[in-house]
Amino acid sequence: DSSDHGQNKQRVKVGPLSVSPMGFGTWAWGNQLLWGYQESMDSELQECFNLALKNGINLFDTADSYGTGKLNGQSERLLGKFIRECQGPIKSPDDVIIATKFAAYPWRLTSGQFVNACKSSLERLQIDRLGIGQLHWSTANYAPLQERALWDGLVEMYDKGLVRAVGVSNYGPKQLLKIHSYLASRGVPLSSAQVQFSLLSMGDEQMELKTVCDSLGVRLIAYSPLGLGMLTGKYDASNLPNGPRSVLFRQILPGLESLLSCLSGIADRKGKTMSQVAINWCICKGAIPIPGVKTVRHVEDNLGALGWRLSPDEISELEAAAMECPKKMVQNIFQTA
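Being a predicted model, the structure only gives us computed values, none of them experimental.

Analysis parameters
Residues numbered from 1 in each chain as written. Predicted model: local features only at pLDDT ≥ 70, side-chain atom pairs only at ≥ 80, totals over all residues. Heavy atoms only, no water. Buried < 20%, exposed > 50% of the residue type's maximum accessible area, 1.4 Å probe, protein only. Helix = DSSP H or I, 4+ residues; strand = E, 2+ residues; numbered from the N terminus. Right-handed = clockwise from strand over helix to strand, strands pointing away. Salt bridge = Lys/Arg side-chain N within 4 Å of Asp/Glu carboxyl O. Axes fitted to C-alpha atoms, helices over the stretch in contact; angles between N-to-C directions. Parallel < 35°, antiparallel > 145°, perpendicular 65-115°, else oblique. Left-handed = near helix turned anticlockwise from the far one by under 90°. Contact = heavy atoms within 4.5 Å. Nonpolar A, V, L, I, M, F, W, Y, C, P; charged D, E, K, R; others polar. Phe/Tyr/Trp six-rings, centres within 6.5 Å; stacked < 30°, edge-to-face > 60°. Expected span 1.5 Å × (residues − 1). Arc of directions from axis to C-beta. Polar contact = N/O pair within 3.5 Å; in protein donor to acceptor, adjacent residues only side chain to side chain. Pairing = 2+ DSSP bridges. pLDDT = per-residue confidence, 0-100.

Any chance you could explain the pairing of strand 6 (residues 130–135) here in plain terms?
Taken residue by residue, a regular strand's side chains alternate between the two faces of the sheet. Taking burial as the measure, the 6 residues of strand 6 include 6 buried ones, the bulk of the element. As for the winding sense of the linkage, the β-α-β connection from strand 5 (residues 97–102) through helix 4 (residues 111–125) to strand 6 is right-handed.

Take a look at the structure:
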């Protein structure tokens, strides 16, 4: 029930920003291929946005590459429209913090091209500046010479006041240290690092990244905190989601029995759903989870992850069960060392 968490005004720091302990991801807003987006969903997406805002959620994550084909940039355009049409005035820039990610497209070879990408995002969103401007991925693995231009692009966006904070996405611990020290040498703080992080994605590398983030004062933003839906308890081998996800689910789900039953046991004891427990685990780890939302029901369910905490014993129990899973989530192919 969404009435019991009322105005959730709890905030955590991301660089200079005050952010809700959980944000929402908008990958599905415009993506037909993976999430079956249709324009008829827009009014429900707008309700999702308003409901989130009303319940104290102020972080919305998007990307300039979200949206399939001619819908490229659709997620940003929708967010911009929802902000403009939002009931209840948005008074300060902290009321809505938009984090977007700029794709490291091979033709973005100069910092100027990267700054233009930022300006295009601002135009689609129709706002003056972004909360967090993020590099969508590192090119270190395949085009190391492009990397410096992308970093300089972040510096320039920040210096021009187009973004209030800068972050990266899909960076591993080594690359994170490198970009952090480069940005620092240019007087730009690195505020956030976004990676896939969940009970299905807590291998050595993710945990090392978390440690590096903590030591540098960088906030970890956790995407796919529900393992693309595998941790919701909604699916099993005889009931798989449609589309490309089914292939991945078929490989991983059969090995998740002990983790899912552990989640389900804790959820029952606490009067919560499995999703709420999985998201709360991320929050307890000091990360900001950004589950994707497509329906009002998703928003209501996810809001129930706030306002309480798992005990240290429950956290250990979940992690022990997660360690036993034979197959983990496939890490993003773009994630660097």
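Once you've had a look at it, read on.
Would you mind showing me how to read unusual backbone geometry here?
Note: most residues except glycine have negative phi, and most peptide bonds are trans. Here Gln-126, not a glycine, exhibits a phi torsion of approximately 55°, which is positive. Tracing the backbone through its elements, the reader meets Gln-126 in the loop between helix 4 and strand 6. Residues other than glycine seldom take positive phi values, yet Asn-170 does so here, at roughly 60°. Inspection of the secondary structure assignment puts Asn-170 in the loop between strand 7 (163–169) and helix 6 (173–185). Look at Asn-170 and you get buried, because its relative accessible area is 2%.

Whenever I open this one, the pattern of salt bridges confuses me. Can you help?
All told, the structure shown has 10 salt bridges when counted by the stated rule. Notably, a salt bridge pairs Lys-81 with Glu-85, separated by 3.5 Å at the nearest N-O pair. In this structure Lys-81 comes out as partly exposed when scored by relative accessible area, which is 29%. Counted as one network, the salt bridges with shared partners bring together Arg-269, Lys-270, Glu-314 and Glu-317.

Whenever I open this one, the packing of helix 2 (residues 42–54) against helix 3 (residues 74–84) confuses me. Can you help?
Direction vectors running N to C along helix 2 and helix 3 enclose 60°, while the axes themselves pass 10 Å from each other. Classed by the angle they form, the pair helix 2 and helix 3 counts as oblique. Taken as a pair, helix 2 and helix 3 cross one another with a handedness that is right-handed. Here helix 2 contributes Asp-42, Leu-45, Gln-46 and Phe-49 to the contact with helix 3, which in turn contributes Gln-74, Leu-78, Leu-79, Lys-81, Phe-82 and Ile-83. Residue classes in the contact of helix 2 with helix 3 are distributed as 6 nonpolar, 2 polar and 2 charged.

Any chance you could explain helix 3 here in plain terms?
Every α-helix carries 3.6 residues per turn, so stepping three or four residues along brings you back to the same face. In terms of burial, helix 3 is a largely internal element, 8 of the 11 residues being buried. Burial in helix 3 covers these residues: Gln-74, Ser-75, Glu-76, Leu-78, Leu-79, Gly-80, Phe-82 and Ile-83. Buried residues in helix 3 make contact with helix 2, strand 4 (59–61), strand 5 and helix 4.

Honestly, the packing of aromatic side chains in this entry has me stumped. Any pointers?
Aromatic ring pairs are described here by two measures, namely the spacing of the ring centres and the angle between the planes. Here the structure, examined in full by the defined rule, presents 7 aromatic pairs. Judged by centre distance (4.6 Å) and plane angle (15°), the rings of Tyr-105 and Trp-107 are stacked. For Tyr-105, a relative accessible area of 18% translates into the label buried. On the basis of an interplanar angle of 25° and a centroid distance of 5.2 Å, the ring pair of Phe-197 and Trp-281 is categorised as stacked. With Phe-197 in the loop between strand 8 (190–196) and helix 7 (204–216) and Trp-281 in helix 10 (residues 274–284), the pair connects residues that are 84 residues apart, well separated along the chain. With a relative accessible area of 0%, Phe-197 lands in the buried category.

Got a minute to help me understand helix 9 (residues 257–270) in this structure?
Relative to the 20 Å expected for 14 residues at 1.5 Å per residue, helix 9 spans 20 Å between its end C-alpha atoms, a close match to the ideal helical length. Within the span of helix 9, buried status applies to Leu-259, Leu-260, Cys-262, Leu-263, Ile-266 and Ala-267. For helix 9, the buried positions fall inside an angular range of 160° around the axis, keeping them on one side. Opposite the buried face of helix 9, at more than 90 degrees from it, the exposed residues are Glu-257, Asp-268 and Arg-269. Contacts made by the buried residues of helix 9 are with helix 10 and helix 12 (312–323).

Please explain the environment of Ser-138 as it appears in this structure.
For Ser-138, the position within the fold is in the loop between strand 6 and helix 5 (144–159). C-alpha separation for the pair Ser-138 and Ser-169, spaced 31 residues apart in sequence, amounts to 7.8 Å. Of the polar contacts made by the side chain of Ser-138, one reaches the backbone nitrogen of Ala-140; its length is 3.0 Å. Polar contacts involving the side chain of Ser-138 include one to the side chain of Glu-147, which spans 3.0 Å.

How do you make sense of the sheet that holds strand 4 when you look at a structure like this?
For sheets, the rule is that strands pair by backbone hydrogen bonds, running either parallel or antiparallel. Reading across from one edge, 3-4-5-6-7-8-9-10 is the order of the 8 strands in this open sheet, with parallel pairing throughout. Edge strands, defined here as strands with exactly one partner in the open sheet, are strand 3 (24–25) and strand 10 (288–289).

Would you explain the side chain of Gln-146 in this entry?
The residue Gln-146 is located in helix 5 in this model. Given a relative accessible area of 6%, Gln-146 falls into the buried group. If near-sequence neighbours (up to four positions away) are discounted, Gln-146 is found in contact with Ala-104, Tyr-105, Pro-106, Arg-108, Leu-109 and Thr-139.

Looking at this structure, I do not really get the confidence of the model for the chain. What am I missing?
Caution is warranted with low-pLDDT regions, since their predicted coordinates should not be read in detail. Mean pLDDT over the chain stands at 87; residues scoring 70 or higher make up 86%. Per-element confidence in the chain is highest for strand 10, whose mean pLDDT is 98, and lowest for helix 1 (residues 32–35), whose mean pLDDT is 52.

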